[in-house]
Amino acid sequence: MSHIALVTLVVRDYDEALAFYRDALGFELVEDTDRGDGTRWVVVRPRGAADGTGLLLARAKDEAQAGAVGAQTGGRVGFFLHTEDFAADHARMRAAGVRFLEEPRHETYGSVAVFEDLYGNRWDLLQPAG
């Protein structure tokens, strides 16, 4: 086994999730395939991460799944988005309406700020040190 290819993120709506991840975070659309049963196979990943882990945006199909939207990691930071230019990406994301929960911090491991996606899932924007 060489890497994790996809991580599923349960969303309310394909198009609103795709717009957030593509337009606000700058991810690229890898695939958007109609599965013929009212569902789609929608995969996004950070732009330039050709072999990196992608997100499968899966629309909630029942009440139990809908209840997990935005709380898939129990309120903890569950996703870590690495950057090579923290200041530029932080500024671009703020301008695109991304809600940061804190001001940027500079820790021994790198520069970091916690933000929420459109559903409330918490992410770290992180530029590792060194």
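Residues numbered from 1 in each chain as written. Predicted model: local features only at pLDDT ≥ 70, side-chain atom pairs only at ≥ 80, totals over all residues. Heavy atoms only, no water.

Under the annotation held in an unreviewed UniProt entry, the protein carries the name VOC family protein and is attributed to Streptomyces pakalii.

Participant: Where do I start with helix α3 (residues 86-95) in this structure?
Facilitator: Structurally, the α-helix is built with 3.6 residues per turn, so residues lying three or four positions apart point the same way. For α3, every residue scored as buried is listed here: F86, H90 and M93. Looking straight down α3, one finds that the buried residues subtend no more than 70° of arc, so they occupy a single side. Looking at α3, the residues exposed on the side facing more than 90 degrees away from the buried face are A87 and A95. The elements touched by buried residues of α3 are α1 (14-24), β6 (99-100), β8 (110-116) and β9 (122-128). (Buried < 20%, exposed > 50% of the residue type's maximum accessible area, 1.4 Å probe, protein only. Helix = DSSP H or I, 4+ residues; strand = E, 2+ residues; numbered from the N terminus. Arc of directions from axis to C-beta. Contact = heavy atoms within 4.5 Å.)

Participant: Whenever I open this one, the pattern of salt bridges confuses me. Can you help?
Facilitator: Working definition: two side chains of opposite charge can pair if their charged atoms are close together. Following the criterion strictly, the structure yields 9 salt bridges and no others. Of the charged contacts, one joins R22 and D23 as a salt bridge, the two residues approaching to 2.8 Å between their closest N and O atoms. We classify R22 as partly exposed; its relative accessible area is 34%. For D23, a relative accessible area of 49% gives the class partly exposed. Notably, a salt bridge pairs R40 with D32, separated by 2.7 Å at the nearest N-O pair. What emerges from the salt-bridge pattern is a single network uniting D15, D32 and R40. (Salt bridge = Lys/Arg side-chain N within 4 Å of Asp/Glu carboxyl O.)

Participant: What should I look at first to understand the side chain of N121 in this one?
Facilitator: Its place among the elements puts N121 in the loop between β8 and β9. Taking the relative accessible area as the measure of exposure, N121 reaches 1% and is therefore buried. Setting aside chain neighbours within four positions, we find N121 in contact with L9, G70, A71, Q72, F79, F115 and E116.

Participant: Explain the packing of aromatic side chains to me, please; I cannot follow it from the model alone.
Facilitator: Following the criterion strictly, the structure yields 7 aromatic pairs and no others. With a centroid separation of 6.0 Å and an interplanar angle of 50°, the aromatic rings of Y21 and W123 are classed as tilted. Pair noted here: Y21 is in helix α1 and W123 is in strand β9, with a separation of 102 residues, a long-range link. In this structure, Y21 and W123 share a single accessibility class: buried. Through successive ring pairs, a cluster of aromatic residues spans F20, Y21, F27, F79, F100, F115 and W123. (Phe/Tyr/Trp six-rings, centres within 6.5 Å; stacked < 30°, edge-to-face > 60°.)

Participant: Please clarify how the pairing of β9 should be interpreted in this entry.
Facilitator: On any regular strand, side chains alternate: one points to one face of the sheet, the next to the other face. Alignment of strand β5 (residues 77-82) against β9, held across 5 bridges, turns out to be parallel. The residue of β9 that forms the bridge with H82 is L126. Here β8 folds back onto β9 in antiparallel fashion, the turn holding 5 residues, of which G120 has a positive phi close to 105°. (Pairing = 2+ DSSP bridges.)

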